[in-house]
Amino acid sequence: MYHSSNKNGYMKLSANANLPSSKAEHDAYVEHENTDPWSSGLCDCFSDVELCCLTCWLPYVTFGRIAEAVDDGNTCNAFFASCSKLFHEFDPLKGPCVLSGAIHALLTYFTGYGWKYSCAYRSKMRIKYKLDGSPCQDCLIHSCCMTCALCQEYRELQFRGVIVSQHEDDDQKNIGIEAVPVAPKGMIR
């Protein structure tokens, strides 16, 4: 593409510029232009040490939480609705669902391809929240450093308020509770 700038800083495209020719190309071009950066970097894993350790040793737990948040809590409901005849007494809304995490764990430990499953959710999350990146970047990031990618995705969901961290939850429980001041012992003038 041949560009030139005028005095106002606007770019002029030459007549032979490669502009989007189809609606799909146009949507992809516009989608790429209107994206937000990630709230934290890929290598900011140690900004939350607990999350880093959890993801390092049990990545499927972090992934399960991410999948539930990205799917708005509907990951399990479709599975258990199809198996409702087998699970009459089981209500997936009463407890945490581990279906996505279990699928990720099985794929990771038996085939080594759990990163492909988590890559699909990174792409889904990137599109849903209009974040920077591309499907190719998602695939490379998850194949090379899946644990860092999962930490970044979890931090992004915390930043957007989709996932509430344990520390924030504890702070919410203590709102409105005040301690009574303790008077010093003895006489003071």
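What counts and how
Once a new chain begins, its residue numbering starts again from 1 and follows that chain's sequence as written. Under the rules for a predicted model, residues below a pLDDT of 70 receive no local features and side-chain atom pairs below 80 are neither given nor counted, while totals for whole chains, interfaces and linings still include all residues. The basis for every side-chain value is the complete set of non-hydrogen atoms in the structure, without hydrogens or water. Numbering of helices and strands starts at the N terminus; helices are DSSP runs of H or I of at least 4 residues and strands are runs of E of at least 2. The buried label applies to any residue whose accessible area, calculated with a 1.4 Å probe on protein chains only, is under 20% of its type's maximum; exposed applies above 50%, and partly exposed to all values in between. Contacts are assigned to residue pairs with any non-hydrogen atoms lying within 4.5 Å of each other. Here, Shrake-Rupley sampling with a 1.4 Å probe gives the accessible areas, and only protein chains in the shown set may cover a residue. Comment: arc refers to directions from the helix axis out to C-beta atoms. For salt bridges, the criterion is a side-chain nitrogen of Lys or Arg within 4 Å of an Asp or Glu carboxyl oxygen. The patches reported here contain residues having more than 30% relative accessible area and no salt bridge. Joining distances are 9 Å for like charges and 5 Å for nonpolar side chains (Val, Leu, Ile, Met, Phe, Trp, Tyr). To define axes, lines are fitted to C-alpha atoms, for helices over the stretch in contact only, and angles between the resulting N-to-C directions are given on a 0 to 180 degree scale. Small angles under 35 degrees read as roughly parallel and large ones over 145 as roughly antiparallel, with 65 to 115 read as roughly perpendicular and the rest as oblique. In this count, Pro and Cys sit with the nonpolar residues alongside Ala, Val, Leu, Ile, Met, Phe, Trp and Tyr, while Asp, Glu, Lys and Arg are called charged and the others, Gly among them, polar. A residue's pLDDT is the predictor's confidence in that residue, given on a scale from 0 to 100. In this scheme the handedness of a crossing depends on how the near helix is turned from the far one: anticlockwise by less than a right angle means left-handed, clockwise means right-handed. Only buried Ala, Val, Leu, Ile, Met, Phe, Trp, Tyr and Cys residues count toward a nonpolar core, and they belong to the same one when joined by side-chain atoms within 4.5 Å.

Caption draft 1: Up close: the overall build of the chain. A tally of regular secondary structure across the chain gives nine helices and two strands. Across the chain, helices and strands are ordered from the amino to the carboxyl terminus as β-β-α-α-α-α-α-α-α-α-α. The buried share of the chain, taken over its 189 residues, is 30%. Across the chain, the fraction of contacts at a sequence separation of at least 24, relative to all contacts at a separation of at least 6, is 62%. When the accessible surface of the chain is totalled, it reaches about 13,300 Å², and 60% of it is carbon and sulfur.

Caption draft 2: Examining helix α2 (residues 49–57) more closely. Among the residues of α2, L51, C52 and T55 are the ones counted as buried. Angularly, the buried residues of α2 cover 100 degrees about the axis, an arc narrow enough to put them on a single face. In α2, the exposed residues that point more than 90 degrees away from the buried face are E50 and W57. The inward-facing, buried residues of α2 abut α3 (59–70) and α8 (146–159).

Caption draft 3: View of the pattern of salt bridges. With the rule as written, the count across this model stands at six salt bridges. Close ionic contact of K128 with D72 constitutes a salt bridge, the shortest N to O distance being 2.8 Å. Separated by 56 residues along the polypeptide, K128 in helix α6 (residues 114–128) and D72 in the loop between α3 and α4 (75–82) bring together distant segments of the chain. Of the residues examined, K128 reaches a relative accessible area of 35% and is grouped as partly exposed. R126 is the salt-bridge partner of D138, the closest N and O atoms lying 2.9 Å from each other.

Caption draft 4: Seen up close, a nonpolar patch on the surface. Where nonpolar side chains cluster on the molecular surface, the patch consists of L106, Y109 and F110 and spans about 390 Å² of accessible area. Within the secondary structure, L106 is located in helix α5 (residues 99–111).

Caption draft 5: How the structure looks around the packing of helix α7 (residues 135–144) against α8. Where α7 contacts α8, the two axes come as close as 5 Å, and the packing angle between them is 120 degrees. Of the possible angle classes, the one that applies to α7 and α8 is oblique. Every residue of α8 that contacts α7 at I141, H142 and C144 is listed here: M146, A149, L150 and E153. Classifying every residue of the contact of α7 with α8 by side-chain character gives five nonpolar, one polar and one charged.

Caption draft 6: Structural detail: the confidence of the model for the chain. On average, residues of the chain score 74 in pLDDT, and 58% of them are at 70 or above. Averaged over each element, pLDDT in the chain is lowest for strand β2 (residues 11–13) (47) and highest for α8 (95). Low confidence marks residues 81–96, where pLDDT is under 50. Its contacts with residues over four positions away, or in another chain, come to six contacts.

Caption draft 7: Region of interest: the packing of α3 against α8. The geometry of α3 relative to α8 is characterised by a closest axis approach of 10 Å and an angle of 40 degrees between their N-to-C directions. As judged from the angle between their axes, α3 and α8 are oblique. Between α3 and α8 lies a crossing whose hand is left-handed. Contacts between α3 and α8 involve P59, T62, F63, R65, I66, A69 and V70 from the former and M146, L150, E153, Y154 and L157 from the latter. Residue classes in the contact of α3 with α8 are distributed as nine nonpolar, one polar and two charged.

Caption draft 8: Here's a closer look at the nonpolar core. With 21 residues, the main nonpolar core has I66, V70, M125 and L157 as its most contacted residues. Here the element with the most residues in this core is α8; it accounts for six residues. Contact partners of L157, with chain neighbours within four places excluded, come to I66, A69, V70, M125, Y129, V162 and I163.

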